[in-house]
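# Residue-level structural notes
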Amino acid sequence: MTHETQEPLVAGLLLAAGGGRRLGGRPKALLPHRGRPLVEHAVRVLREGGCEVVHVVLGAAAERVRAEASLPGCVLVDNPDWAEGMGSSLRAGLASLRAEALPVDAALVSLVDQPGIGPAAVARVRAAYRSREALAAASYDGERGHPVLFGADRWAGIAAAALGDQGARAYLREHRGAITLVDCSDVAEPYDIDTEADLVHLE
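These notes cover the structure that comes with them. Fair warning: this is a prediction, and the values are worked out from it, not measured in the lab. (Residues numbered from 1 in each chain as written. Predicted model: local features only at pLDDT ≥ 70, side-chain atom pairs only at ≥ 80, totals over all residues. Heavy atoms only, no water.)

## A word on the overall build of the protein
In terms of helices and strands, the protein carries six helices and nine strands. Over its C-alpha trace the protein gives a radius of gyration of 16 Å, about what one expects of a compact globule, namely 17 Å for 203 residues. Its C-alpha atoms give the protein principal-axis dimensions of roughly 45 × 35 × 30 Å. In the protein, which comprises 203 residues, the share counted as buried stands at 53%. Across the protein, contacts joining residues at least 24 apart in sequence account for 69% of those joining residues at least 6 apart. For the protein, the accessible area works out to roughly 9,400 Å², and carbon and sulfur atoms hold 50% of it. Both charge centroids of the protein, one from 21 positive and one from 27 negative side chains, sit 2 Å from each other. (Helix = DSSP H or I, 4+ residues; strand = E, 2+ residues; numbered from the N terminus. Rg over C-alpha atoms; globule rule 2.2 N^0.38 Å. Buried < 20%, exposed > 50% of the residue type's maximum accessible area, 1.4 Å probe, protein only. Contact = heavy atoms within 4.5 Å. Areas by Shrake-Rupley, 256 points an atom, 1.4 Å probe, with all protein chains shown as cover. Lys, Arg positive; Asp, Glu negative; His and termini not counted. Charge placed at Lys NZ, Arg CZ, Asp CG, Glu CD.)

Here it is as structure tokens:
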């Protein structure tokens with residue numbers, strides 16, 4: 001059976017490097033949620049949404065995250081440049097997926113600080129994969145959000161455009177006509193855990 005006829009391999013890429021500057025410098029990956037570090041919850045969401053291969057980009061307090069979080073089976077990627085912003089983490093994650101032993105067809109990118117986005121949204125966006133040229137994103141009330149899906153043929157262009165805290169925003173703006181928007185308003189809430197006030201969303 002050739003690779004073409006198999007189920008496409010959509011890998012989860014979790015960006016979990018943030019230092020929680022507006023949270024008094026508490027690394028977001030280690031914020032407690034349901035009794036465990038938030039990064040564990042985010043990985044479980046990707047797996048339950050259908051991503052068997054998961055790469056996690058760590059930055060702030062990476063050693064503590066490795067020590068305190070249980071992330072079996074994940075590829076942990078250190079981003080020493082995490083303070084530059086999300087762009088550097090996205091580049092590090094895509095480079096790690098390129099080096100993955102299995103032929104990855106697409107990356108499904110999620111953020112560690114969005115616990116209101118669960119497996120249902122991941123599964124929906126994952127199902128939008130059509131080819132290695134695919135671009136898809138969850139939308140909430142018509143606004144593009146996470147998770148986003150990048151076909152492997154687009155990774156080089158996305159990495160080249162991922163500067164500062166932009167992540168893939170500039171690339172997606174430039175290619176907006178190619179993006180499949182997947183409405184997830186009924187199954188997820190796209191809030192971020194950015195400030196002390198947002199901590200009410202954690203359980």
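## Quick word on unusual backbone geometry
Residues H146 and P147 are joined by a peptide bond in cis, for which omega reads 0°. Position of P147 among the secondary structure elements: in strand β8 (residues 143-151). For D141, which is not glycine, the phi torsion reads 50° and is therefore positive. Relative to the elements of secondary structure, D141 occurs in the loop between β7 (135-140) and β8. We classify D141 as exposed; its relative accessible area is 70%.

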